[in-house]
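Structural characterization, general
Chain by chain, the residues:
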Amino acid sequence: MPRSTVFTVAISLAIFGGIVGPLPGQSLPGWKTDFSRRTVPLDEIVSGGPPKDGIPAIDRPKFVGVEEADDWLKDREPVVLVALGRTVKAYPLRILIQHEIVNDSVGSIPVSVTYCPLCNTALSFDRRLDGLVLDFGTTGNLRHSDLIMYDRQTESWWQQATGEGIIGEFAGRKLTFVSSPLVSWKTFKEQHPDGRVLSRDTGFNRTYERNPYVGYDEGPGPWRSFFSLEPDDRLPPMARVVALDVDGQALAISFETLRKKRVVNHDAGNRKLVIFWVPGTSSAVNTAIIADGRDVGSSTVFDRRVGTRSLTFERADGDRFRDRETDTTWNSLGFAVSGPLSGEQLSPIPHGNHFWFAWAAFKPDVTLVR
């Protein structure tokens with residue numbers, strides 16, 4: 001059962017570093033994790049309520065075509081888009097919010113597609129490391145309100161928001177992010193009519209259109225049972241931001257800025273980025289029915305170089321964008337739809353649409369791009 005407010009009182013008593021936590025060098029019942037190897041203090045970890053695998057990952061995902069999925073997905077519903085090689089898949093948040101992890105392969109690449117609703121972190125990883133193909137489950141624990149995953153091969157614990165191993169054999173290691181923007185179902189199906197969509201046939205008995213976190217993103221901040229830090233006051237705690245880590249430089253661009261500008265060109269070191277924002281995507285943690293959530297829009301991030309040419313983008317008509325150098329028109333998924341560069345595609349940059357409190361907690365030196 002997903003986390004909800006009914007757990008709040010019980011959770012507040014279950015501090016990991018207190019009565020249920022392991023002492024250095026000792027084991028925790030039910031785990032083969034080496035807790036003596038860690039990169040974070042144990043007292044930063046709290047129970048999220050459910051036990052190990054109490055929120056079950058999807059390990060044998062099934063997929064359907066766009067036409068079939070269109071019978072039950074609504075246009076504004078958020079989906080995670082993963083495109084590797086010629087394979088394109090959509091993972092609806094209505095399913096991910098109930099399971100948090102999908103272990104899958106896209107093309108030839110084994111990936112884990114993950115979502116932590118408390119931080120709004122929809123992130124995907126290449127699950128290969130040191131010759132192993134890892135598969136992930138939920139520990140039932142949180143750090144700074146964010147999901148802590150574990151790999152079933154070594155039972156190392158991993159911070160979902162950063163992709164970093166924090167406890168166990170792989171402490172200090174980092175997974176490779178895979179680009180997986182959150183977009184609307186309408187955007188996905190129009191651009192990828194031959195794509196595949198995660199099926200509701202998961203083997204679990206769930207009501208997949210419902211949000212267990214009603215009103216969460218309109219609250220004053222994260223639930224204090226799970227988050228003990230003082231939020232960075234440069235933005236409201238629950239503000240959505242484009243969260244980027246570019247060559248070790250943490251960046252954030254607020255959705256409020258993007259709602260006004262629609263496009264931001266930004267240079268980060270030697271990287272030349274463009275961030276697009278379009279309306280039409282509902283919040284998954286707002287109303288009881290996810291499809292009815294308020295429109296928060298969606299973002300995509302790309303390298304704005306095509307060949308040796310660096311492009312500068314501006315807003316065009318509707319949900320389109322134009323580069324000033326060639327007057328080519330582009331859509332929000334980085335495809336040139338008309339003009340001299342028609343048929344070209346921008347290279348996607350992995351990023352998240354985090355709540356500000358979460359990104360600032362894990363990246364306190366984050367630069368807020370204004």
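Report follows, based on the coordinates. (Residues numbered from 1 in each chain as written. Predicted model: local features only at pLDDT ≥ 70, side-chain atom pairs only at ≥ 80, totals over all residues. Heavy atoms only, no water.)

1. Description of the overall build of the chain
Defined as follows: Numbering goes from the N terminus for both helices and strands, where a helix is a DSSP run of H or I of at least four residues and a strand is a run of E of at least two. The globule rule is 2.2 Å times the number of residues to the power 0.38, and the radius of gyration it is compared with is taken over C-alpha atoms. Burial classes: relative accessible area under 20% of the type maximum marks a residue as buried, over 50% as exposed, and values in between as partly exposed (1.4 Å probe, protein chains only).
A tally of helices and strands in the chain yields six helices and 30 strands. Taking 21 Å as the expected radius of gyration for a compact globule of 370 residues, we find that the chain reaches 20 Å, a close match to that expectation. Expressed along its principal axes, the backbone C-alpha trace of the chain runs to roughly 65 × 45 × 45 Å. Looking at the 370 residues of the chain, the share that counts as buried comes to 59%.

2. Digging into the nonpolar core
What counts, and what does not: In these notes, a set of buried Ala, Val, Leu, Ile, Met, Phe, Trp, Tyr and Cys residues joined through side-chain atoms within 4.5 Å is what counts as a nonpolar core. We call two residues contacting when some pair of their heavy atoms lies within 4.5 Å.
Val80, Tyr91, Phe188, Val197 and Tyr216 are the most contacted members of the largest nonpolar core, which has 65 residues in total. Among the elements that take part in this core, strand β6 (residues 109–116) stands out by supplying five residues, more than any other. Not counting the four nearest positions on each side in its chain, Tyr216 is found in contact with Pro117, Leu118, Ser145, Pro222, Trp223, Met238, Val285, Phe355 and Phe357. Membership of the second largest hydrophobic core comes to 15 residues, among which are Phe255, Leu273, Trp277 and Val301.

3. Topic: the layout of surface pockets
Where we set the bar: Put simply, the grid is 1 Å and covers the protein atoms alone, a cavity is a trapped set of points that fit a 1.4 Å probe, a pocket is an open set with protein on both sides within 12 Å along at least five of seven lines, and lining residues have an atom within 4 Å of a point. Grid points are joined across faces, edges and corners, and a volume is the space filled by probe spheres set on the points.
A volume near 370 Å³ is recorded for the largest pocket. Along its surface, the largest pocket is lined by 23 residues, and Leu81, Ala83, His192, Phe335 and Gln345 are the ones closest to its centre. Broken down by secondary-structure element, the contributors of at least two residues to the lining of the largest pocket are β3 (78–84), β4 (87–92) and β21 (298–303).

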